[in-house]
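Structure at a glance
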Amino acid sequence: MSYTALYRKYRPQNFTDVKGQDAIVTTIRNQIENKRIGHAYLFCGTRGTGKTTIAKIFAKAVNCEHPRNGSPCGECASCQAIASGNSMNVIEIDAASNNGVDNIREIREEVTYAPTEGNYRVYIIDEVHMLSIGAFNALLKTLEEPPSYVIFILATTEAHKIPITILSRCQRYDFRRISTDIIAERLQELLEQEHAEAEEKAVRYLAKAADGAMRDALSLLDQCMAFYMGQKLTYDHVLEVLGTVDTERFSKMFGAVIGNDVAAAMRQMEELVTDGRDLSQFVNDFTWYLRNLLLLQSSQDLEDFLDISSDQLARFKEECKMADSTELMRYIRIFSELSNQVRFSTQKRILIEIAVIKLCRPQMEEDYSSILSRLAQLEKKMEEGVFQPAVPAPTVTAEPSAAAVSEKLALPKAVSDDIRSVVENWRGIVAQMPNSLGVFVRKARLSLGEGDVLLIVMDDPILSEMLSEEQRMQEITDSISRSIGKEVQVQIKYNDTGQSFEQSYVDLEQMIHTEIEYEDFTE
């Protein structure tokens, strides 16, 4: 016998099994028990919250031969036929693939025939918002005055797309997201029935990852159980299967950001990529992590809203003191904007790295919150006694002529063939650099240092610091070696002279008369 997925195997068969929608269930049961059944219902809500499940239970209840307190008995011929999908009284229609006028006309023709068995003919139209305008218009009259034995149940995740003329003809029920506690309790029940073991922390994480959808929670549990068949499901197992990140990683990233340590933050990013973590999920989870810090910092009375363990709560209380609310809100704003960009991007890592650099360097932004963060950093340095010497105002002099600059920065008489080859092939070398390295290096200018050293000059101190790391230096050197077949000594240099590159360094590209056109490798 083929395997049945958990969300299908344990789909509720009566109203008492439905979790998290008590108000809706109670209302519908009262209507059925007191014979006050409407002719059209609209079930709205996010995925996996029980819309179709309750619609099927509703259809069984109104046709049940022996109903019990508004619920189907599940034992009569009608209940069993509906449960197996063989009943002629319950017609399920997927509006995503049957959204034309002709499909609705077929329904209009069918409703003229009374059911041969049972009391009602129930039409369940899923994703009804996908119907065309013509189909909605064709449905209007039938929906307004259907035969007494016909019930329409329309289900949708996007109620705002349904015409008001349809909405006004239906009883509307909004399905809420199911709480983490209810989902976790349900998962624990199913684990016992499946004779499987799981850590409470693992179950809680699955319940939280489902984001209020019971079906998603069951699918995630099914996936984790299949990967670790016969083993106790642990918290680390869940993280590995789902490709998510432990909160300890978030703590390290947050510490690097607060310390304005770009290099440490980039190392954390490298570890995430190496471990194969889902970068989109990282953005969402880190935003949620920052949200928890902000709530805890705002009030100690909000601990119940954090849904974290006591050990994590103690760490959160310490970490929320490391940054003020203005900084945390700036972090959340940057990552919230990033979540929309990452969703459709093919260069997720680059976008995330840029966002992390923004967190570490508020001077890169000019909005109000970034200015406040910069002022806070200055105040902190003053309190610690760290002062930057004032930079003397530059003396206004006449701009030197191109000939004077050329004479002052005259190229040494002998430039090695290796250096010349690198400059001539620089465009291709940058294009072949791994990962996001080429995006950063393309902003560099080439010059010559003492001892025939190739200088890669950067105007940005942050990029200069990043490229000076041992791993990235090795990647640059290897890319050059692969291109020209020889090793060249390379040095990353930050242009801190206060003058333009042309006034401070020998421009190898100009001297060798090679035109370098940089392409945008992010596309």
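Everything in this summary refers to the structure shown in the same document. Fair warning: this is a prediction, and the values are worked out from it, not measured in the lab.

1. Details of the sheet that holds strand S2 (residues 90-94)
Read from one edge to the other, the open sheet built from 5 strands follows the order S2-S3-S4-S1-S5, with strand pairing classed as parallel. Pairing within the sheet leaves two strands with one partner each, and these edge strands are S2 and strand S5 (171-174). Strand-to-strand twist across the sheet, computed as the mean angle between neighbouring axes with direction ignored, equals 15°. In the packing of helix H5 (residues 101-110) onto the sheet, the strands contacted are S2, strand S3 (121-126) and strand S4 (150-156), and the crossing angle to S3 comes to about 170°.

2. What about the pattern of salt bridges?
Tallied over the entire structure, the rule returns 19 salt bridges. Between Glu145 and Lys141 there is a salt bridge, with its nearest N and O atoms 3.9 Å apart. Among the salt bridges present, the one from Arg204 reaches Asp181, with a minimum N-O distance of 2.5 Å. Of this pair, Arg204 sits in helix H9 (residues 200-209) while Asp181 sits in helix H8 (residues 180-193), and the two are 23 residues apart along the sequence. Connected via shared salt-bridge partners are Glu270, Arg349 and Glu353.

3. Comments concerning the environment of Glu353
Along the chain, Glu353 turns up in helix H17 (residues 348-360). Taking the C-alpha atoms as reference points, Glu353 and Val262, separated by 91 residues in sequence, lie 9.5 Å from one another.

4. Observations concerning the side chain of Asn89
Relative to the elements of secondary structure, Asn89 occurs in the loop between helix H4 (77-84) and S2. Of the polar contacts made by the side chain of Asn89, one reaches the backbone oxygen of Glu117; its length is 2.4 Å.

5. A look at the environment of Lys35
If you trace the backbone, Lys35 turns up in the loop between helix H2 (22-33) and strand S1 (40-44). Taking C-alpha positions, Lys35 is 9.5 Å from Gly70, a pair spaced 35 residues apart along the chain.

6. Things to note about the side chain of Ser464
Inspection of the secondary structure assignment puts Ser464 in helix H23 (residues 461-467). Overall, Ser464 belongs to the buried group, its relative accessible area being 7%. If we skip the residues at most four places from it in the chain, Ser464 touches Met458, Ile492, Lys493 and Tyr494.

7. Some points on the packing of helix H12 (residues 247-258) against helix H13 (residues 262-274)
Two elements in contact, H12 and H13, have axes separated by 8 Å at closest approach and are oriented at 155°. By the criterion of interaxial angle, the relationship of H12 to H13 is roughly antiparallel. Pair H12 / H13 crosses with left-handed handedness. Within the contact between the two elements, H12 uses Arg249, Lys252, Met253 and Ala256 and H13 uses Ala264, Ala265, Gln268, Met269, Glu271 and Leu272. Of the residues that constitute the contact of H12 with H13, the class distribution is 6 nonpolar, 1 polar and 3 charged.

8. Regarding the environment of Pro115
By the secondary structure assignment, Pro115 is in the loop between H5 and S3. On the basis of relative accessibility, which here comes to 15%, the residue Pro115 falls in the buried class. Those residues within four positions of Pro115 in sequence are excluded, and the remaining contacts are Asn89, Tyr120, Arg121 and Tyr149.

9. Points about the sheet that holds strand S8 (residues 490-494)
Read from one edge of the open sheet, 3 strands run S6-S7-S8, paired in mixed fashion. Pairing within the sheet leaves two strands with one partner each, and these edge strands are strand S6 (445-449) and S8. For this sheet the average axis-to-axis angle between neighbouring strands, irrespective of direction, equals 35°. Here S6 pairs with strand S7 (residues 453-458) via 5 bridges, running antiparallel. Within the sheet, the bridge partner assigned to Gly449 lies in S7 and is Val453. In the packing of helix H24 (residues 470-484) onto the sheet, the strands contacted are S7 and S8, and the crossing angle to S8 comes to about 130°.

10. Description of the nonpolar core
Residues Phe282, Phe335, Trp426, Ile476 and Ile480 are the most contacted members of the largest nonpolar core, which totals 67 residues. In terms of residue count, the dominant contributor to this core is helix H14 (residues 279-298) (9 residues). In contact with Phe335, other than residues within four places in its own chain, are Phe282, Val283, Phe286, Thr287, Ala355, Val356 and Leu359. In this structure, Ile178, Ala184, Leu191 and Val203 belong to the second largest nonpolar core, which totals 29 residues.

What counts as what
- Residues numbered from 1 in each chain as written.
- Predicted model: local features only at pLDDT ≥ 70, side-chain atom pairs only at ≥ 80, totals over all residues.
- Heavy atoms only, no water.
- Pairing = 2+ DSSP bridges.
- Helix = DSSP H or I, 4+ residues; strand = E, 2+ residues; numbered from the N terminus.
- Axes fitted to C-alpha atoms, helices over the stretch in contact; angles between N-to-C directions.
- Contact = heavy atoms within 4.5 Å.
- Salt bridge = Lys/Arg side-chain N within 4 Å of Asp/Glu carboxyl O.
- Polar contact = N/O pair within 3.5 Å; in protein donor to acceptor, adjacent residues only side chain to side chain.
- Buried < 20%, exposed > 50% of the residue type's maximum accessible area, 1.4 Å probe, protein only.
- Parallel < 35°, antiparallel > 145°, perpendicular 65-115°, else oblique.
- Left-handed = near helix turned anticlockwise from the far one by under 90°.
- Nonpolar A, V, L, I, M, F, W, Y, C, P; charged D, E, K, R; others polar.
- Core = buried A, V, L, I, M, F, W, Y, C linked by side-chain atoms within 4.5 Å.

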